[in-house]
Amino acid sequence: MSLILNITPEELQKITSFYILLDDNRKIKFCSKALLKLCPDLSNKEELSEAFSFDPLTQNGLKELEGNDFIFIEHKESGLKFRGVSFVLSADKLTMLALSPLVKNIVELTSRGFSISDFAMHDTLIDSLLLMQAHENTVKQSKTYATALRQQLELEFYKRAVDESSMFVRTNTKGVITSVNDTFCRLSGYPKEELLGKTLKVISSGKHDQEFHRKLWETLLAGKVYRGEFCNRTKNGTLFWVDTTIMPFADESGMVESYAAIQIDISEKKFAMEQLERVSKAKAEFLANMSHEIRTPMNGIIGMMSLINSSESLEEVKEYGKTIKSSCDLLLRLVNDILDLSKIEAGKIAIEPNWFDVRLVIETLLDLYRESAEKKGILLSSDVAFNVPLSVEGDALRIQQVLSNLVSNAIKFTEKGEVRIAVHSQETGSDSCQLIFTVMDTGRGMNSEVVGKLFQRFEQGDSSTTKKFGGTGLGLAISKRLSQLMGGDLFVESIEGKGTSFKCEVPMKFENKRTQPESQAPALSGGVLAESTPKNPVFFNQRGEHPRILIAEDNPVNQFVLEKMLSKIGCESHCAANGLEAITAAQSFNYDLILMDCFMPELDGYEAALKIKNNPGPCQNTPIIAVTANALRGEAEKCSSFGMSGYLSKPIVLKTLSQELGKYFQAR
Amino acid sequence: MYGLVNRALQSLVINKLGREGWLEVCRTVHLDESDFVNFMPYPDSVTYQIAAAAAQKMNFTLDQALEAFGEHWILFTVDEGYGDLINICGSSFVEFLSNINSLHARIRLLHPSIIPPKITCSDIQKDSLKIHYFSHRDGLAPMVVGLVKGLAKRFNTSINIKLIQAKADGHDHDEFEVQFSCP
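What counts and how
Residues numbered from 1 in each chain as written. Chains lettered and ligands numbered in written order. Predicted model: local features only at pLDDT ≥ 70, side-chain atom pairs only at ≥ 80, totals over all residues. Helix = DSSP H or I, 4+ residues; strand = E, 2+ residues; numbered from the N terminus. Buried ≥ 20, exposed ≤ 12 C-beta atoms within 10 Å, placed from the backbone. Contact = placed C-beta atoms within 7 Å. Pairing = 2+ DSSP bridges. Axes fitted to C-alpha atoms, helices over the stretch in contact; angles between N-to-C directions. Core = buried A, V, L, I, M, F, W, Y, C linked by C-beta atoms within 7 Å. Nonpolar A, V, L, I, M, F, W, Y, C, P; charged D, E, K, R; others polar. pLDDT = per-residue confidence, 0-100. Left-handed = near helix turned anticlockwise from the far one by under 90°. Parallel < 35°, antiparallel > 145°, perpendicular 65-115°, else oblique. Expected span 1.5 Å × (residues − 1).

Caption draft 1: Representation of the overall build of chain B in the model. Secondary structure summary: chain B contains five helices and four strands in total. Shown N-terminal to C-terminal, the secondary structure of chain B runs as helices and strands in the order α-α-α-α-β-β-α-β-β. Expressed as a percentage of the 183 residues in chain B, the buried residues total 36%. The long-range share in chain B, meaning contacts at least 24 apart out of those at least 6 apart in sequence, stands at 58%.

In structure tokens:
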């Protein structure tokens, strides 16, 4: 089938934009309007070669026009390159060279004055260029997004890192919160919606003075970064400290438009520092008090001693001796308090339960304090509820220590009225109960600030109290801790000017049977209170002679005291000044008993005892009693492991020495 | 609509209200993403919701917002790298308007899912012409007013445009009369 298209060159322009028609002789016969816009010189050219040069690869030149291959030509005048393909229009005996300018982008066309209407409607060149343009823009947008995404991921990473550890808050220049992170909400206790739109005053603690705020704003208004520590307040009123960095953010004109703050919670560190400072201060005060407390009785002792030296009257000496005794008791109590507290802190106090009668403990307390109460004209009374079991299992010694401290305090701080010791029981099981000891007074009472510090270690309710009333101020801290060690607690209620009530609650086991307790109320230790003065025993050994005792003690005063005490109870004594001397003495004489100080120069008492026990000699079977200042738990076991039969804790009083020796000798 | 349109809206809102304002608009219409990809199609409803929310934030009526958007569109496409596209469409206000339909037709070849409006000119005089706006979308006549105003700015041409026949009145298309004076 042959189809003759009767189409004019002008009509052809609507199908393809750039073309040349060549006649039989290859002369230019017609150029399209669009091509002439690009290559105006074509309008007066006859030969194609006059206007175009052929691509080096198109070596055959015009010959190629006869084929259907692409040719590449360059417009000599403009340098514009074209891709072409030729068709032989046999009906018209013409050759059509259809061309496409090789342009990279739309700009190359617009710069030559082209518009979209210059192209044939069906010419895809412009579509290709639009596609390239769109592609280029898409790549550009992708790059922008990729960069933004990377920045966002980085920001997310930093935000997460900040969120984990820090609070973040952003405000406008008036301090109105515009953004907060979850950590800020968590630590401040406010939900986000309660913070946004409010000023930072919402979390202000009011702890910072005007100067603090002045410096803050001075820095920020100068466009500088502010760093500082803020004390803030949570929604529920708790204070918290934050280490804060505030950065001002400026707009394009350089004006500060907002502030961003990153805050790290340093409350623990801050409170720990405050606590440390408080404890340090309290320790310093404590040491100052201790110094005072030690010097006071020491002054009494030294003063009395000098009076004794110059006295010729036995009555006077006895009187001075009483004062020395009370000063020594005071010193001893001080040492015992400190020792007790440090033992509690070191976990070296063991609660030793035994069966005892609560009523006896209360009676003993009344006996001990009745006199001092009467002296002040105070009524000392007790009230043991009927439901308090007859026999309970607990550490009677520690309970008595706690109650003793409470009663002595009550008497001390009560000028008139009453001190009352009450006990009642709350059953907690078939054989267990909670004993509640209450010591109430009608004394001066305390305000809440004093009450708050009452049980704190190294703190006294009121440091002036110590100066006025004496005492170590450790008694209540010890009592509280002892109560807790026994599984209970110690509480206080006080009204200033009206009186105070201490409540010691201790869980106990009780016996349903009405049996007599195994042990009676223990005597108070340390000779602080009314030491009984029974007649001194006089000891004899098995041979009926006065016992001969070796004193191994390096301190001449202690040697002297022991010698005198032993002499009072019918014992003869000989002294060795260290462990080596003690061994030598033990090898040369058959002593009935050895009192061995544990800490001595040359060789300590433990080693000396072991050597005496391990080496044949006259004293190999002689009982050795350790004399030690180390009152810590486990000391008895240690002494025993070195072959010693018993131990006496310093300071030794005649009564305990007699009791110990009574185990080995007969008394008359 | 293509992301490019939404991005143009975003750009307009940021220009008027700042980045925070744009994020607020996004929150109002519960938009998960606050950015769009130029040649990714999005539901028309997204564009309408953004336009409504933005109008409210800017204290504009919807018609005012659409006109502002139309005007901004020309500036935005130039900023986005499509300035050459406008240039190839014509070197004068009138030439551009005459060729815009051809441009839309070509864009449709590249992005077949785009359904561009048909815009033709008639009664072209030396200082006036009529624009015929055919669209399957309703209510966008104010946007055309903005587009024409933006275009006139682009070609430093002062114009007066008024709607002389509205689709809203039952006609098959909107018709505008434009008076212009070229530089």
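Now that the structure is up, let's keep going.
Caption draft 2: Representation of the overall build of chain A within the structure. In terms of helices and strands, chain A carries 20 helices and 25 strands. Counting across all 668 residues of chain A, residues that qualify as buried make up 28%.

Caption draft 3: Local environment of the sheet that holds strand S23 (residues 624-628) of chain A. Residue and element names in this part refer to chain A. Pairing is parallel in the open sheet, where five strands are placed in the order S21-S20-S22-S23-S24. In the strand order of this sheet, the two ends are held by strand S21 (572-576) and strand S24 (646-649), each with one partner. Neighbour to neighbour, the strand axes of the sheet diverge by 20° on average, direction disregarded. In this structure, strand S22 (residues 593-597) lies alongside S23, joined through four bridges in parallel fashion. Across the sheet, residue leucine 595 finds its bridge partner in S23, namely isoleucine 625.

Caption draft 4: The nonpolar core, seen in detail. Ranked by size, the top nonpolar core spans 73 residues in total, and within it Leu35(A), Leu9(B), Ala54(B), Phe69(B) and Val148(B) carry the most contacts. At 11 residues, the largest contribution of residues to this core is made by helix H3 (residues 62-89) of chain B. Once residues lying within four places of it in the same chain are set aside, the contact partners of Phe69(B) are Ala8(B), Leu9(B), Leu12(B), Ala51(B), Met143(B) and Gly146(B). Of all hydrophobic cores here, the second largest spans 41 residues; its members include Val358(A), Ala396(A), Leu474(A) and Leu490(A).

Caption draft 5: Main features of unusual backbone geometry. Residue and element names in this part refer to chain B. Unlike most non-glycine residues, asparagine 59 shows phi in positive territory, near 60°. Relative to the assigned elements, asparagine 59 resides in the loop between helix H2 (44-57) and H3. With a phi close to 50°, asparagine 156 is a non-glycine residue in the positive phi region.

Caption draft 6: Inspection of the interface of chain B and chain A at higher detail. Across the boundary between the two partners, chain B contributes 20 residues, which contact 19 residues of chain A. Taken together, the elements giving at least two residues each to the side of chain B that touches chain A come down to H3 and helix H4 (93-110) of chain B. A class-by-class count of the residues in the side of chain B that touches chain A yields nine nonpolar, seven polar and four charged.

Caption draft 7: Molecular detail of the environment of Tyr259(A). All names here are of chain A. Mapped onto the elements, tyrosine 259 comes out in strand S11 (residues 256-265). For the pair tyrosine 259 and glycine 175, spaced 84 residues apart in sequence, the C-alpha to C-alpha distance is 8.0 Å. Residues in contact with tyrosine 259, not counting those within four places in the same chain, are Arg170, Thr171, Leu220, Ile246, Met247, Pro248 and Phe249.

Caption draft 8: The arrangement of the sheet that holds strand S9 (residues 226-233) of chain A in detail. Residues and elements named next belong to chain A. Strand order in the open sheet formed by five strands is S8-S7-S11-S10-S9, and the pairing between neighbours is antiparallel. The open sheet has two edge strands, strand S8 (177-180) and S9, and neither has a second partner. The average undirected angle you get between the axes of adjacent strands in this sheet is 30°. Taken together, the nine bridges between strand S10 (residues 239-250) and S11 define a ladder with antiparallel strand orientation. Among the inter-strand pairings, methionine 247 is bridged to a residue of S11, identified as alanine 260. Against the sheet, helix H8 (residues 210-221) engages S9, S10 and S11, with an angle of about 135° to S9.

Caption draft 9: Geometry of the confidence of the model for chain B. Taken over all residues, the pLDDT of chain B has a mean of 88, while the share at 70 or more is 99%. Interface confidence for the predicted complex, given as ipTM, is 0.77, next to a pTM of 0.45.

Caption draft 10: Local environment of the packing of helix H12 (residues 396-412) of chain A against helix H15 (residues 475-485) of chain A. Residues and elements named next belong to chain A. Remark: H12 packs on H15, axes separated minimally by 9 Å, with the N-to-C direction vectors making an angle of 145°. For the crossing formed where H12 meets H15, the hand is left-handed. Where H12 approaches H15, its residues Arg398, Gln401, Val402, Asn405, Leu406 and Asn409 are matched on the opposing element by Gly475, Ser479, Leu482 and Ser483. Among the residues making up the contact of H12 with H15, the classes are represented as three nonpolar, six polar and one charged.

Caption draft 11: Expanded view of the environment of Leu97(A). Residues and elements named next belong to chain A. Structurally, leucine 97 can be placed in strand S6 (residues 94-101). Of the residues examined, leucine 97 has 23 C-beta atoms within 10 Å and is grouped as buried. Taking the C-alpha atoms as reference points, leucine 97 and glycine 84, separated by 13 residues in sequence, lie 6.3 Å from one another.

Caption draft 12: Inspection of the confidence of the model for chain A at higher detail. Residues of chain A with pLDDT of at least 70 account for 88%, and the chain-wide mean is 83. In the predicted structure, residues 514-533 of chain A sits below a pLDDT of 50 and forms 38 contacts with residues beyond four places in sequence or in another chain.

Caption draft 13: Main features of the packing of H3(B) against helix H5 (residues 141-154) of chain B. Residue and element names in this part refer to chain B. Direction vectors running N to C along H3 and H5 enclose 45°, while the axes themselves pass 7 Å from each other. Taken together, the axis directions place H3 and H5 in an arrangement best described as oblique. Along this stretch, H3 crosses H5, giving a crossing that reads as right-handed. On H5, the residues touching Asp63, Leu66, Glu67, Ala68, Phe69, Gly70, Glu71, His72, Trp73, Ile74, Leu75 and Ile86 of H3 are Pro142, Met143, Val144, Val145, Gly146, Leu147, Lys149, Gly150, Leu151 and Arg154.

Caption draft 14: Quick peek at H12(A). Taking 1.5 Å per residue, 17 residues should reach 24 Å; H12(A) reaches 24 Å between its end C-alpha atoms and fits that length. Most of H12(A) is tucked away, with 15 of its 17 residues classed as buried.

Caption draft 15: Region of the structure containing the pairing of strand S1 (residues 18-22) of chain A. Residue and element names in this part refer to chain A. Taken across its five residues, S1 has four buried, putting it largely inside the fold. In this structure, S1 lies alongside S6, joined through five bridges in antiparallel fashion. Following the sheet pairing, phenylalanine 18 is matched in S6 by leucine 99. Two elements, S1 and strand S2 (residues 28-31), share three bridges in a ladder whose sense is antiparallel. Across the sheet, isoleucine 20 pairs through a bridge with cysteine 31, a residue of S2.

Caption draft 16: Structural detail: H15(A). Residues and elements named next belong to chain A. Among the 11 residues of H15, nine are classified as buried, and the element is accordingly described as predominantly covered. Restricting attention to buried positions, one finds in H15 the residues Gly475, Leu476, Ala477, Ile478, Ser479, Lys480, Arg481, Leu482 and Ser483. The inward-facing, buried residues of H15 abut helix H10 (314-345), H12, strand S17 (489-495) and strand S18 (499-510). One or two residues past the end of H15 sits glycine 487, with phi positive at roughly 90°.

Caption draft 17: Focus on the environment of Phe82(A). All names here are of chain A. For phenylalanine 82, the position within the fold is in strand S5 (residues 81-89). A residue is classified by how many C-beta atoms lie within 10 Å of it, and phenylalanine 82, with 22 of them, is buried. Sequence separation of phenylalanine 82 and proline 101 is 19 residues, and the distance between their C-alpha atoms is 4.4 Å. The contact partners of phenylalanine 82, leaving out residues within four places of it in the chain, are Ile73, Leu99, Ser100, Pro101 and Leu102.

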